[in-house]
Amino acid sequence: MDNLFSNTINPLNAPLAQRMRPKSLDEILGQEHILAKGKLLRRSIDNDRLSSLIFYGPPGSGKTTIANVIAKVTNKFFQGLNAVTDGVPELRKIVKKAQEDLELYNQQTILFIDEIHRFNKAQQDALLPWVEKGVVVLIGATTQNPYFSLNPALLSRSIIFKLEAISEEDIIKLLKRALADKERGLGNYKSEVSAEALKHLAHCAQGDVRIALNGLELAVISSAPDEEGIRHIDLATAEESIQRPAVVYDGTGDDHYDIISAFIKSMRGSDADAAIYYLARMLDAGEDPLFIARRMVILAAEDVGLADPQALVIAQNAAEALQFVGLPEGRIILAEAVIYLACAPKSNSAIMAVDTALADVRKGKIAPVPKHLRDRHYKGAASFGHGDGYLYPHSYPGAWIKQQYLPDKLQGTVYYSPTARDKTKKRQQEEE
């Protein structure tokens, strides 16, 4: 079992991102919505009145950093677990020690679990009694939405704080702080970093401070000083040092839902450029292309609908062609279909029609089928008058004749209201 906050490793050998971890709440940038003075979390930490917490946010947003700071300012013992490498045996050891400390010294223990979403249901259940009894104060960190990944019982005993990705402006401030800090940072190097280089590092980090700091460190230590001993870091050096940023996309977490949502809404809103951008984000991150294709088939029926019935054919054909061809060529097939769906006229008249009818059925609007529409072919049906009076439309001009189709109690009910864009219209006939 590793203690996340052990000082056995020489801090000077640690990466810059580790060395520059804030030591106090005032050093933390980017989470003012929960850490500003007067906010609930800040008051709880300052007064050492913590309840169980779940920190939820993207990588590099400061979840572990805040836990580190709590370890330094709280009067409680502090133990750390990593849900990837540790399990119930390690948890039991910590709980046993915490229980002894509470009984002998009236000293409570904070249990920090990194990547808590990796704990399965049984492991999460094992936490509950000790959290509920107050033997440990749980602080969990997760990049995945806790409402999906954590047990409801555990959630009900915790306060959830959502951390946001660090802004580029705050990342630049942290980079400048690292350049000036002679104790933990790069202040002992004589370096001049251009504003363009700082901006590039902050932009490519995509909200993850560690990427920016480690990129800065590589740029500084790998650059040779000039005659005056100054290391000049320009945009080209920054680009080389940070390379391509890690893709911020979790195929099972919030990014999965947020980006597919933006993708669908962009097509629904007829913005082909945005739709193609989100398609590229998903493909580059390794999203299942068939998942994308299925959502496009749904959109073709739900949002394009009867304004262009051919859209469903194109979306379905694209899905089948994708299975036949595969990637990378399949990206072209998806792009064609995405552009078509985005540019197609839109109508949701079909979904409105069926959902309104379903709502009526579920409300109990169930009425007998009119006799003239009933099947007269099964045994005895004709003797009850089933099918009598039915008018066969093909026997009349235009294959249409006015007659009752809805049950008596639902006469006059309108489910399908065609838009001006619908290719399929209701039959317009004069009242007889």
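Please refer to the structure higher up on the page.
Every value quoted in this text rests on a predicted model; they were computed, and no experiment measured them.

**Q** Explanation requested: the pattern of salt bridges in the structure shown.
**A** For side chains bearing opposite charge, pairing can occur when the charged atoms are close. Summed over all chains, the structure comprises 16 salt bridges. Between Glu27 and Arg184 there is a salt bridge, and its shortest N-O distance comes to 3.4 Å. Taken as a pair, Glu27 in the loop between α1 (16-19) and α2 (32-35) and Arg184 in the loop between α9 (168-180) and β6 (191-193) lie far apart in primary sequence, 157 residues in all. Residue class for Glu27 comes out partly exposed when judged on its relative accessible area of 22%.

**Q** Explain unusual backbone geometry to me, please; I cannot follow it from the model alone.
**A** Apart from glycine, the bulk of residues carry a negative phi angle, and the bulk of peptide bonds sit in the trans form. The step from Leu327 to Pro328 runs through a cis peptide bond, and the omega angle for that step is 10 degrees. Residue position: Pro328 is located in the loop between α16 (310-325) and α17 (330-343). One non-glycine residue, Gln206, adopts positive backbone phi at about 50 degrees. Relative to the helices and strands, Gln206 is located in the loop between α10 (195-204) and α11 (209-221).

**Q** Is there a simple way to explain helix α18 (residues 349-362) in this structure?
**A** Residues spaced three or four apart along an α-helix face the same direction, because each turn holds 3.6 residues. Compared with an ideal rise of 1.5 Å per residue, which puts 14 residues at 20 Å, α18 spans 20 Å between its outermost C-alpha atoms and is within 8% of the ideal. Turning to α18, its buried residues are Ser349, Ala353 and Asp360. The buried residues of α18 occupy an angular sector of 40 degrees when projected down its axis, which confines them to one face. Looking one or two residues past α18, Gly364 carries a phi angle of roughly 95 degrees, positive in sign.

**Q** So what exactly am I meant to see when it comes to the environment of Asp303 here?
**A** Locating Asp303 in the fold gives a position in helix α15 (residues 289-304). Measuring from C-alpha to C-alpha, the distance between Asp303 and Leu163 comes to 34 Å, with 140 residues separating the pair along the chain. Not counting residues within four places of it along the chain, the set of residues in contact with Asp303 comprises Arg268, Lys346, Ser347 and Asn348. Side-chain polar atoms of Asp303 contact the side chain of Arg268, separated by 2.9 Å.

**Q** Would you take a moment to explain a nonpolar patch on the surface for this structure?
**A** There is a patch of nonpolar side chains on the surface, built from Tyr189, Leu218 and Ile221 and spanning about 250 Å² of accessible area. Structurally, the position occupied by Tyr189 is in the loop between α9 and β6. Classification of Tyr189 as partly exposed rests on a relative accessible area of 33%.

**Q** How should the sheet that holds strand β5 (residues 159-162) be read in this particular structure?
**A** One key point about sheets: their strands pair by backbone hydrogen bonds, in either a parallel or an antiparallel sense. Pairing in this open sheet of five strands is parallel, and the strands run β2-β3-β4-β1-β5 from one edge to the other. One side of each edge strand has no neighbouring strand; the edge strands of this open sheet are β2 (77-82) and β5. Each strand axis lies, on average, 20 degrees off the axis of its neighbour in the sheet, ignoring direction. Examined bridge by bridge, strand β1 (residues 53-56) and strand β4 (residues 136-142) share four bridges and lie parallel to one another. Bridged to Tyr56 within β4 is Thr142. Sitting on the sheet, helix α6 (residues 121-133) is in contact with β3 (109-114) and β4, with an inclination near 135 degrees to β4.

**Q** When you look at the packing of α15 against α16 in this model, what are you seeing that I'm missing?
**A** To characterise two packed helices, one gives the angle between the axes of the helices and the distance between these axes. Two numbers describe how α15 lies on α16: the axes approach to 8 Å, and their chain directions differ by 170 degrees. Classed by the angle they form, the pair α15 and α16 counts as roughly antiparallel. The segment α15 lies against α16, with Pro289, Leu290, Ala293, Met296, Val297, Ala300, Ala301 and Val304 engaging Ala311, Leu312, Ala315, Gln316, Ala319, Leu322 and Gln323. When its residues are assigned to classes, the contact of α15 with α16 shows 13 nonpolar, two polar and no charged.

**Q** I would appreciate a short explanation of the packing of α10 against helix α12 (residues 235-242) in the present structure.
**A** Between α10 and α12, the shortest axis-to-axis distance is 8 Å and the interhelical angle comes to 25 degrees. Considered as vectors, α10 and α12 are oriented roughly parallel to each other. Here α10 runs over α12; the crossing is right-handed. The residues of α12 that touch α10, namely those facing Glu196, Ala197, His200, Leu201 and Cys204, are Leu235, Ala238, Glu239 and Ile242. Partitioned by chemical class, the residues of the contact of α10 with α12 number six nonpolar, one polar and two charged.

**Q** Please explain the nonpolar core as it appears in this structure.
**A** Most often, soluble globular proteins keep nonpolar side chains buried together rather than apart. If you look at the biggest cluster of nonpolar residues, it comprises 28 residues, and the most contacted ones within it are Phe263, Met267, Ile292, Met296, Val338 and Leu341. Counting residues per element, the ones that place at least two in this core are α13 (254-268), α14 (272-285), α15, α16 and α17. Considering each element in turn, this core owes the most residues, eight residues, to α15. Core analysis: the next-biggest nonpolar cluster, separate from the first, contains 27 residues, Met20, Leu186, Ala202 and Val220 among them.

**Q** I'm lost on the packing of aromatic side chains in this one. Help?
**A** Enumeration over the complete set of coordinates arrives at four aromatic pairs. Ring plane angle 65 degrees and centroid distance 5.1 Å describe the contact between Tyr277 and Tyr278, whose orientation is recorded as edge-to-face. Classification of Tyr277 as partly exposed rests on a relative accessible area of 45%. In this arrangement the basic side chain of Lys97 is found over the ring face of Phe77, its NZ or CZ atom lying 5.7 Å from the centre. The ring of Tyr56 carries the charged tip of Lys162 above its face, separated from the ring centre by 5.2 Å.

**Q** Would you take a moment to explain the pairing of β1 for this structure?
**A** Each regular strand displays side chains that alternate between the two surfaces of the sheet. Across the two faces of β1 the burial is the same, with Leu53 and Phe55 and Ile54 and Tyr56 all buried. Where β1 meets β5, four bridges bridge the pair, whose relative direction is parallel. The residue of β5 that forms the bridge with Leu53 is Ile159.

Cut-off values and rules
Residues numbered from 1 in each chain as written. Predicted model: local features only at pLDDT ≥ 70, side-chain atom pairs only at ≥ 80, totals over all residues. Heavy atoms only, no water. Salt bridge = Lys/Arg side-chain N within 4 Å of Asp/Glu carboxyl O. Helix = DSSP H or I, 4+ residues; strand = E, 2+ residues; numbered from the N terminus. Buried < 20%, exposed > 50% of the residue type's maximum accessible area, 1.4 Å probe, protein only. Expected span 1.5 Å × (residues − 1). Arc of directions from axis to C-beta. Contact = heavy atoms within 4.5 Å. Polar contact = N/O pair within 3.5 Å; in protein donor to acceptor, adjacent residues only side chain to side chain. Patch = residues over 30% accessible without salt bridge, like charges linked within 9 Å, V, L, I, M, F, W, Y side chains within 5 Å. Areas by Shrake-Rupley, 256 points an atom, 1.4 Å probe, with all protein chains shown as cover. Pairing = 2+ DSSP bridges. Axes fitted to C-alpha atoms, helices over the stretch in contact; angles between N-to-C directions. Parallel < 35°, antiparallel > 145°, perpendicular 65-115°, else oblique. Nonpolar A, V, L, I, M, F, W, Y, C, P; charged D, E, K, R; others polar. Left-handed = near helix turned anticlockwise from the far one by under 90°. Core = buried A, V, L, I, M, F, W, Y, C linked by side-chain atoms within 4.5 Å. Phe/Tyr/Trp six-rings, centres within 6.5 Å; stacked < 30°, edge-to-face > 60°. Lys NZ or Arg CZ within 6 Å of the ring centre and 35° of its normal.

Interpretation note: all reported values are geometric properties and have no functional meaning in isolation.
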